[in-house]
Amino acid sequence: MNLDAVVVGGGLHGCSAALQLALRKLRCLVIEKDTVGRHASGVNAGGVRRLDRDPAEIPLSVAAMEMWWAIAELVGDDCGFRLSGQIKIAQNETELAVLEERARLVRSLGYEHEEPVGANELFRLVPALSRHCVGGLVAREDGFAQPYQTTKAFRDKAASLGVRFLEGTRVLGVERKAGDWIAETDRGRFAAPVLVNCAGGWGDAIAAATGDPVPFEVVAPMMMVSARLPPFLTPVVGAAGRKLSFKQMDNGTVVIGGGHFGGADAEAGTTSLDFRALAESARTVAELFPIMRGASIVRCWAGLEGFVADGLPVIGPGTGEPGIYHAFGFSTHGFQLGPAVGRIVADLVTRGESDLPIEPFRIDRFAKPPSAVPHPSAGSG
Amino acid sequence: MTARHELAVIGAGPAGLAAAATAAELGLKVALFDDQPAPGGQIYRGVERTPLADPAVLGDDYRRGADLAEAFRASGAAYHPSCGVWLLTPERELGLLDNGQARFVTAGRVIIAGGAMERPVPFPGWTLPGVMTAGAGQILLKSAGMVPGKGVVLAGTGPLLLLLAAQYLRAGVQIAALLDMTPPSNALRALPHLPAALSAFGTLAKGLALKREIHRAGVRVVKGVTSLRALGEARLEAVAYEAGGREQRLDSELLLVHFGVIPESNTTRSLGIRHLWDSRQLCWRPVADAWGNTGAEGFAVAGDGAGIGGALAAEYAGRLAALEAARALGRIDAAERDRSAAPVRAALAKERRVRPFLDVLFQPAPELISQLADDTVVCRCEEVTAGQIREAVGQGCTGPNQLKSFTRCGMGPCQGRQCGTTVSQLIGHTLGRPVEEIGAYRIRPPLKPIGLTQLAALDGEGEAAA
Ligand SMILES: Cc1cc2nc3c(=O)[nH]c(=O)nc-3n(C[C@H](O)[C@H](O)[C@H](O)COP(=O)(O)OP(=O)(O)OC[C@H]3O[C@@H](n4cnc5c(N)ncnc54)[C@H](O)[C@@H]3O)c2cc1C
Ligand SMILES: Cc1cc2nc3c(=O)[nH]c(=O)nc-3n(C[C@H](O)[C@H](O)[C@H](O)COP(=O)(O)OP(=O)(O)OC[C@H]3O[C@@H](n4cnc5c(N)ncnc54)[C@H](O)[C@@H]3O)c2cc1C
């Protein structure tokens, strides 16, 4: 079999990259050590959010959002996408001032999607919210989608265009030989001129093996879901001073996240839950949503996610041998970016450039003298 | 400080009561946690104070339970009733919901004696109000002394079904019919196991006595029943089935079904303990050695949660696990453990000899799963049908965990307890592969739903050690 590209990793980013490469008539193989969508892409909170993105991510996030609004045209499935809006709430004037400052910044960069609102509009949008809140920041055309359904839709569309998926197969090492990248797996070797690293929380290993180490950590954001409740909430809610991502699904269950981390074991591919941290999450919810005080939690889980030291993903070519491209380490907010990053990768492969600004995501950005390196925390969702 | 116990026992059925009493008598500091308000477990539920005027309704066995409970009370083991365990970590931290209050404790060793659950078997109409498991009916009888007013229809297979029928008769309940769904061919297949079973003559004699009692009472017993269906709009109105090649129908307001019991394996699976598919009992059970030790360091299993063996076997296994705990914690040496264990082990072996015969004799028909109608609901919580599961398999879904992602099957409040065994078998059947290879749901805590407010009140600070 002649291949134009081998993609390592069957998460949303691997599937999206493969889909875009196939749309550009390249023959692709996706190699996935477990099953497609088994990790972060299939178990995340499903937040499709431009709201409160790092300024560097805004252009990508805005481009991705345009794709989300028409997602069925791309993949033939609505991915469970709901145009619910996203809102970040302030519990006091200080927090509100920070959100307003943020809105000004976004506007100064030329974007209109973040809008500060006062108490009246806040309670109109989120009637169940505790009355001590004072205002918020809204992105009315953000939303959420079903993570596994989405990843599977990208996979199915890619497969319909001829992309091959090899599940249960682990890439053990990669090397470049005679103009080809060779992916050594536990089920044989696969060669192609192009190698795409979409290995999520394991992406640093491939990067390091090809001469581009990245300061990186694997984290395990935790989620909880409640038993079904009568409908009381439309938008996805986050909070300025709290770790929170909070949404009610169509079936009435409430999905709660927000960046409390459990234990991560990347090698074993497993996570463990930290109930003391989840208790804090429960306290936040009980304070902000009195209606939740009678709810019960039926399930908790965590997913493995690669966190780069500056909280931004790695997107772009490697610095050494030609033909290798990276898109990994999405640092707890890569689901929304999935549709756009696939396009960026495919453009890089076929045209050598992207029309979106990806400079901030260079793999060698840490090779320069480091700026402040914050500890991973805060907002998934 | 989080309370720390030398030995934590989960479950106050015969296995847990015997384990806790034995260990406490050997000087261990024991705490027993059970989610029920009183000791007894399933079989001896409410044994210290049965609400029935005449305890004979429940049979002689009940008295053995009273003795067990008494010995446990006298042993010095700390007893925590109405205290559910919703979290177990490999570090032997237990998350408790103690009379509604969430807290943590830790333990040097843990004996899991959580018992069995009734085997959920989906059939058309099984989710209608008015359809209940026989065990749920029995709980009403044992704990509230409540008996359904009108005649009931009993259906399924297994010794408990006969026992329940007899208990109902003694309590004055009218049984409209007992629909025996045991495949007629089971008897022949069980025959080779009969000689071994004869040593447990008492158990077999009890079974025969039950049959005679039901017969004498004039209960209509229909053999070779298949294609059970519960009919009705908002609730059960009639029961339909096939027998003797003919379609039959019985008007009824209460249908009690029972297809045997299986280990409640969510608890043990949540620890990542390896489980085997028991192809005779048609269920998952944890892999454990002769003392009940599992692959999870410091965790042992005892009783029906380790594989169905009945109340006496559970009691013996509880004692063995306690002896091993006393050895591991330095109270007795291996020689003393083995000496004390020898008579218990002999009794256990004798008790177990009857199982292969009973397991095969009462094995539910494979068609109950393989021929499940496409429109029958399998996952009650998320309302996923057999047809949707087959369709997901057709789309490349190869196991129960992937099925969750495909269909939400198993993701509701029951944590997959109601559909898990069916799902593993159905996927195996659809793919033509052994259940063992298909695997089971990965289980995440909380093992049982926990209130958001209860979770919010959890601060990791427990009381001082008991
Ligand atoms: C609980 C949780 C909640 C989140 N909530 C949100 C949210 O609301 N909104 C949002 O935008 N983002 C969210 N995220 C982040 C988002 O899920 C991720 O950023 C995104 O899914 C990353 O996709 P990926 O394809 O890069 O990684 P993954 O989905 O992890 O896929 C990488 C794949 O590569 C495979 N792989 C790795 N190494 C190898 C190898 N050597 N050989 C073969 N295969 C390999 C892995 O098995 C894996 O399947 C959340 C994440 C988590 C965990
Ligand atoms: C519904 C039902 C009815 C039965 N009726 C009879 C009968 O009438 N006669 C008969 O011979 N056999 C009966 N059996 C079989 C009988 O249960 C067993 O043979 C015997 O009780 C096994 O004893 P055990 O100690 O292993 O478990 P059990 O007696 O089941 O005791 C387990 C105890 O652990 C508790 N528990 C479980 N999980 C947790 C947790 N996470 N936290 C706290 N507590 C927990 C349970 O509530 C229970 O009290 C019945 C089984 C079932 C499922």
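Residues numbered from 1 in each chain as written. Chains lettered and ligands numbered in written order. Predicted model: local features only at pLDDT ≥ 70, side-chain atom pairs only at ≥ 80, totals over all residues. Heavy atoms only, no water.

Draft legend 1. A look at the interface of chain A and chain B. Contacts between chain A and chain B engage 29 residues on the former and 28 residues on the latter. Summed over both partners, the interface of chain A with chain B buries about 2400 Å², with 55% contributed by carbon and sulfur atoms. Summed over the shared surface of chain A and chain B, the result is 2 salt bridges. The shortest N-O distance in the salt bridge between B:Glu93 and A:Arg276 comes to 2.9 Å. Viewed at the interface, chain B and chain A are joined by 13 residue pairs in polar contact (both at pLDDT 80 or more). Counting residues per element, the ones that place at least two in the side of chain A that touches chain B are helix 7 (147-160), strand 19 (270-272), helix 9 (275-288) and strand 20 (296-302) of chain A. Among the elements that line the side of chain A that touches chain B, the one with the most residues is helix 9 of chain A, at 8 residues. For the side of chain A that touches chain B, the residue count by class is 17 nonpolar, 5 polar and 7 charged. In the sheet, strand 20 of chain A pairs with strand 22 (residues 450-451) of chain B via 2 bridges, with the strands oriented antiparallel. Of the residues in strand 22 of chain B, the one forming a bridge with A:Ile297 is B:Ile450. (Contact = heavy atoms within 4.5 Å. Buried area = accessible area lost by both parts, 1.4 Å probe. Salt bridge = Lys/Arg side-chain N within 4 Å of Asp/Glu carboxyl O. Polar contact = N/O pair within 3.5 Å; in protein donor to acceptor, adjacent residues only side chain to side chain. Helix = DSSP H or I, 4+ residues; strand = E, 2+ residues; numbered from the N terminus. Nonpolar A, V, L, I, M, F, W, Y, C, P; charged D, E, K, R; others polar. Pairing = 2+ DSSP bridges.)

Draft legend 2. Up close: empty space enclosed by the protein. Residues and elements named next belong to chain B. What the rule picks out here adds up to 3 cavities of 30 Å³ or more. Roughly 100 Å³ of internal volume is contained in the largest cavity. Contributing to the lining of the largest cavity are 13 residues, with Ile262, Pro263, Ser265, Arg269 and Thr421 lying nearest its centre. Every element with two or more residues in the lining of the largest cavity is listed here: strand 16 (261-263), helix 8 (266-269), strand 18 (283-286) and helix 15 (420-431). Of the residues assigned to the lining of the largest cavity, the class counts are 5 nonpolar, 5 polar and 3 charged. (1 Å grid on protein atoms, 1.4 Å probe; cavity = no way out; pocket = protein on both sides within 12 Å on 5 of 7 lines; lining within 4 Å. Points joined across faces, edges and corners; volume = space filled by probe spheres on them.)

Draft legend 3. Spatial organisation of the environment of A:Val194. All names here are of chain A. Looking at where Val194 falls in the secondary structure, it is placed in strand 12 (residues 194-197). As a C-alpha pair, Val194 and Leu99 span 95 residues in sequence and 43 Å in three-dimensional space. If sequence neighbours within four positions are ignored, Val194 has contacts with Asp4, Ala5, Val6, Trp181, Gly323, Tyr325 and Val349.

Draft legend 4. Seen up close, the domain arrangement of chain B. All names here are of chain B. Domain boundaries assigned for chain B yield domain 1 (3-117 + 262-332), domain 2 (120-259) and domain 3 (367-438). Between the C-alpha centres of domain 2 and domain 3 there is a distance of 26 Å. The partner domain 3 presents 9 residues to the 9 residues of domain 2 that form the contact. Summing both partners gives a buried area of about 820 Å² for domain 2 against domain 3, and 67% of it is carried by carbon and sulfur. Looking only at domain 2, the three residues that lose the most surface to domain 3 are Pro120, Pro122 and Trp126, adding up to 62% of its buried area. (Domains from an automatic or database assignment.)

Draft legend 5. Structural detail: the pairing of strand 17 (residues 254-257) of chain A. Residue and element names in this part refer to chain A. By the alternation rule, side chains of strand 17 split into Val254 and Ile256 and Val255 and Gly257, which are all buried. Looking at chain direction, strand 14 (residues 222-226) and strand 17 are connected through 2 bridges and run antiparallel. Note that in strand 17 the partner of Met224 across the bridge is Ile256. As defined by bridge partners, strand 16 (residues 245-248) adjoins strand 17 across 4 bridges and the pair is classed as antiparallel. Considered in strand 17, the bridge of Phe246 is made with Ile256. Linkage of strand 16 to strand 17, two consecutive antiparallel strands, is achieved through a turn of 5 residues, within which Gly252 is found at a positive phi near 95°. (Buried < 20%, exposed > 50% of the residue type's maximum accessible area, 1.4 Å probe, protein only.)

Draft legend 6. How the structure looks around the packing of helix 13 (residues 386-394) of chain B against helix 15 of chain B. Residue and element names in this part refer to chain B. One way to put it is that helix 13 packs onto helix 15 with a least axis distance of 10 Å and a crossing angle of 50°. On the basis of their axis angle, the class for helix 13 and helix 15 is oblique. As helix 13 runs across helix 15, the sense of the crossing is right-handed. Across the interface between the two elements, Ala386, Ile389, Arg390 and Val393 from helix 13 touch Val423, Leu426, Ile427, Thr430 and Leu431 from helix 15. For the contact of helix 13 with helix 15, the class distribution of residues is 7 nonpolar, 1 polar and 1 charged. (Axes fitted to C-alpha atoms, helices over the stretch in contact; angles between N-to-C directions. Parallel < 35°, antiparallel > 145°, perpendicular 65-115°, else oblique. Left-handed = near helix turned anticlockwise from the far one by under 90°.)

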